[in-house]
Amino acid sequence: MELTVTLQKVFGTFSLDVDFVVRGERIGIFGPSGSGKSTLVSLIAGLNHPDRGRILLDGEPVFDKAARIDIPTDLRRIGMVFQRPHLFPHLSVRGNLLYGFKRSNRAHRKITLNDLVEVLQIGHLLDRGVKNLSGGEKQRVAIGRAVLSNPRLLLMDEPLSALDDTLKFQIIPFLTHTCEAFHIPYLFISHSLTEMRIMADRVLLMDGGRMAGQMGAEELARASAGERTRPYTNLLRLRAPRRVDGLHAYKWGDRELLISGGDDNPEALFELPSTDIIIFKRHPEAISARNLLKCRVAGTFETNGRIALELECGTEHLVALVVKEAVRELAITKGIKVYAAIKATAFRQLG
Ligand code: ADP
Ligand code: MG
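Report on the accompanying structure.

Criteria and cut-off values
- Residues numbered from 1 in each chain as written.
- Chains lettered and ligands numbered in written order.
- Predicted model: local features only at pLDDT ≥ 70, side-chain atom pairs only at ≥ 80, totals over all residues.
- Heavy atoms only, no water.
- Helix = DSSP H or I, 4+ residues; strand = E, 2+ residues; numbered from the N terminus.
- Buried < 20%, exposed > 50% of the residue type's maximum accessible area, 1.4 Å probe, protein only.
- Contact = heavy atoms within 4.5 Å.
- Lys, Arg positive; Asp, Glu negative; His and termini not counted.
- Charge placed at Lys NZ, Arg CZ, Asp CG, Glu CD.
- Near = heavy atom within 4 Å.
- Polar contact = N/O pair within 3.5 Å; in protein donor to acceptor, adjacent residues only side chain to side chain.
- Areas by Shrake-Rupley, 256 points an atom, 1.4 Å probe, with all protein chains shown as cover.
- Nonpolar A, V, L, I, M, F, W, Y, C, P; charged D, E, K, R; others polar.
- Disulfide = S-S within 2.5 Å.
- Phe/Tyr/Trp six-rings, centres within 6.5 Å; stacked < 30°, edge-to-face > 60°.
- Core = buried A, V, L, I, M, F, W, Y, C linked by side-chain atoms within 4.5 Å.
- Axes fitted to C-alpha atoms, helices over the stretch in contact; angles between N-to-C directions.
- Left-handed = near helix turned anticlockwise from the far one by under 90°.
- Pairing = 2+ DSSP bridges.

## A few points about the overall build of the protein
- What the protein contains, in helices and strands, is nine helices and 21 strands.
- Burial statistics for the protein: of 351 residues in total, 50% are counted as buried.
- Taking the contacts inside the protein whose residues are at least 6 apart along the sequence as the reference set, 68% of them involve residues at least 24 apart.
- Charged side chains in the protein number 48 positive and 40 negative. The centres of these two groups are separated by 2 Å.

So, in structure tokens, the structure goes:
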């Protein structure tokens, strides 16, 4: 997917003025509240109209002021998911799901109700009304409705912001699996760095109605690595847990990690703060930490007065944040081997 946007829009004292091209399938829009993210996607969807400029989707104009092109929202084939599900209260789950499908052009109907129900696991809800669904179920139906309209681009405006953490990380796999299974490119809006790293490869940075830049999601995480309020956090996707002495041993690349939380699901996502990793230059004989990983220092970068060590642990990577004095005293340089100690309790399960 390629999106080319050059536009201006003024709302009273706020002005949106952007000029960018972005390519990819999993694109994030990241920026503080009030920076213009929702305004931008409403213009792309055709819910609002720019004062000037043009919007091209895969080279085809959906809006071009000078050429007097303004394709109506329904014909743009752009799906939307919002923070609140906005389901139609008088329709059943099935009715809600089929709403966009029925209005879509037959030639574009590649995704069917049956395919979708399987991926979103909502078969048992089809004949129910939408009033008594749980928050997570409602949001799954809203995602399904948008996907069933067979869009060529899906716009998701903070679809997870209203959900608590538990629910959020239950919904994320449905979102990612659905978009992957049906090859739907998306723009995913959020002000959460964690959500960006999970949902996006490429991130557009918005600030004060302007596009402040574009970078990889991991690059963005590293750029803010040294922040005192929230230093860099490692995200680890772990597999195949087995129970060991009241802990869970998960596979992480060709290594194994012992974690005090966890469950029996075959895959899980964990956070590990970069400040919770202790570095030893030589093998510590006896330590209480349950994880001791021999790794190679693949690189270092300075951030906010601290040093981030990029550790290569077999096929996987970790970032450990240490103070400058420690790096100097231990003479840690690129290429050397170190031992990283991590307590079993340092991991926090996200989903
Ligand atoms: P974000 O989604 O990044 O939080 P928004 O795009 O919602 O930011 O809002 C950006 C600015 O645009 C805000 O100052 C908001 O008040 C203003 N704005 C958005 N839509 C309208 C509108 N329809 N009328 C007037 N002002 C608006
Ligand atoms: Mg918004």
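Don't stop here, the text continues.
## A word on the site of ligand 1
- Surrounding ligand 1, one finds Phe11, Phe14, Pro32, Ser33, Gly34, Ser35, Gly36, Lys37, Ser38 and Thr39.
- At a separation of 3.0 Å, an oxygen atom of ligand 1 approaches a polar backbone atom of Gly36.
- For ligand 1, an oxygen atom lies 2.5 Å from a polar atom in the side chain of Thr39.
- Alone, ligand 1 offers 560 Å² of accessible surface; in the complex the protein occludes 56% of this.
- Element by element, the count of residues in the shell around ligand 1 is highest for helix α1 (residues 37-45), at three residues.
- Class assignment of the residues belonging to the shell around ligand 1 gives a composition of three nonpolar, six polar and one charged.

## Re unusual backbone geometry
- The phi torsion at Asp58 lies on the positive side, around 50°, for a residue other than glycine.
- Within the secondary structure layout, Asp58 lies in the loop between β4 (52-57) and β5 (60-64).

## Details of the state of the cysteines
- If you walk through the whole model with that rule in mind, you get zero disulfides.
- For the unlinked cysteine Cys295, the closest cysteine sulfur is that of Cys313, found at 3.5 Å.
- Under the relative-accessibility criterion, Cys313 is labelled buried at 0%.

## Some thoughts on the packing of aromatic side chains
- Applying the stated criterion to the full structure yields two aromatic pairs.
- Geometrically, the ring pair formed by Phe88 and Tyr99 is tilted, given 4.4 Å between the ring centres and 45° between the ring planes. Here the residue Phe88 occupies a position in the loop between β7 (78-81) and α3 (93-103), and Tyr99 occupies one in helix α3, the gap between them amounting to eleven residues.
- Exposure remark for Phe88: the relative accessible area of 25% places this residue in the partly exposed category.
- Its relative accessible area of 31% is what places Tyr99 among the partly exposed residues.
- A centroid spacing of 5.2 Å and a plane angle of 70° characterise the contact between Tyr250 and Phe270, whose relative ring orientation is edge-to-face. Remark: Phe270 occurs in strand β15 (residues 267-273) and Tyr250 occurs in strand β13 (residues 247-252); sequence separation between them is 20 residues.

## Some details on the nonpolar core
- Membership of the largest hydrophobic core comes to 48 residues, with the highest contact counts inside it found for Leu97, Leu154 and Met156.
- Excluding its chain neighbours within four sequence positions, the residues that come into contact with Leu97 are Leu113, Leu116, Ile122, Leu126, Val141, Gly144, Arg145 and Leu148.

## Quick notes on the packing of helix α4 (residues 113-120) against helix α6 (residues 165-181)
- At a closest axis distance of 9 Å, the pairing of α4 and α6 adopts a crossing angle of 145°. In this structure, the crossing between α4 and α6 has a hand that is right-handed. Each of Leu116, Val119 and Leu120 in α4 lies in contact with α6, whose residues at this interface are Phe174, His177, Thr178 and Ala181.
- When the residues that make up the contact of α4 with α6 are grouped by side-chain class, the tally is five nonpolar, two polar and no charged.

## Observations regarding the pairing of strand β2 (residues 14-23)
- Across ten bridges, the pairing between strand β1 (residues 2-11) and β2 is antiparallel. Looking at the pairing, Thr6 lines up with Asp19 of β2.
- Linking two consecutive strands that pair antiparallel, namely β1 and β2, is a turn of two residues; a positive phi of about 55° is found at Gly12 within it.

## Points about the pairing of strand β20 (residues 337-342)
- Most of β20 is tucked away, with five of its six residues classed as buried.
- Strand direction decides the pairing type here: strand β16 (residues 278-280) and β20, joined by three bridges, are antiparallel. Within the sheet, the bridge partner assigned to Phe280 lies in β20 and is Tyr339.
- Here six bridges tie strand β17 (residues 291-303) to β20, and the two strands are oriented antiparallel to one another.

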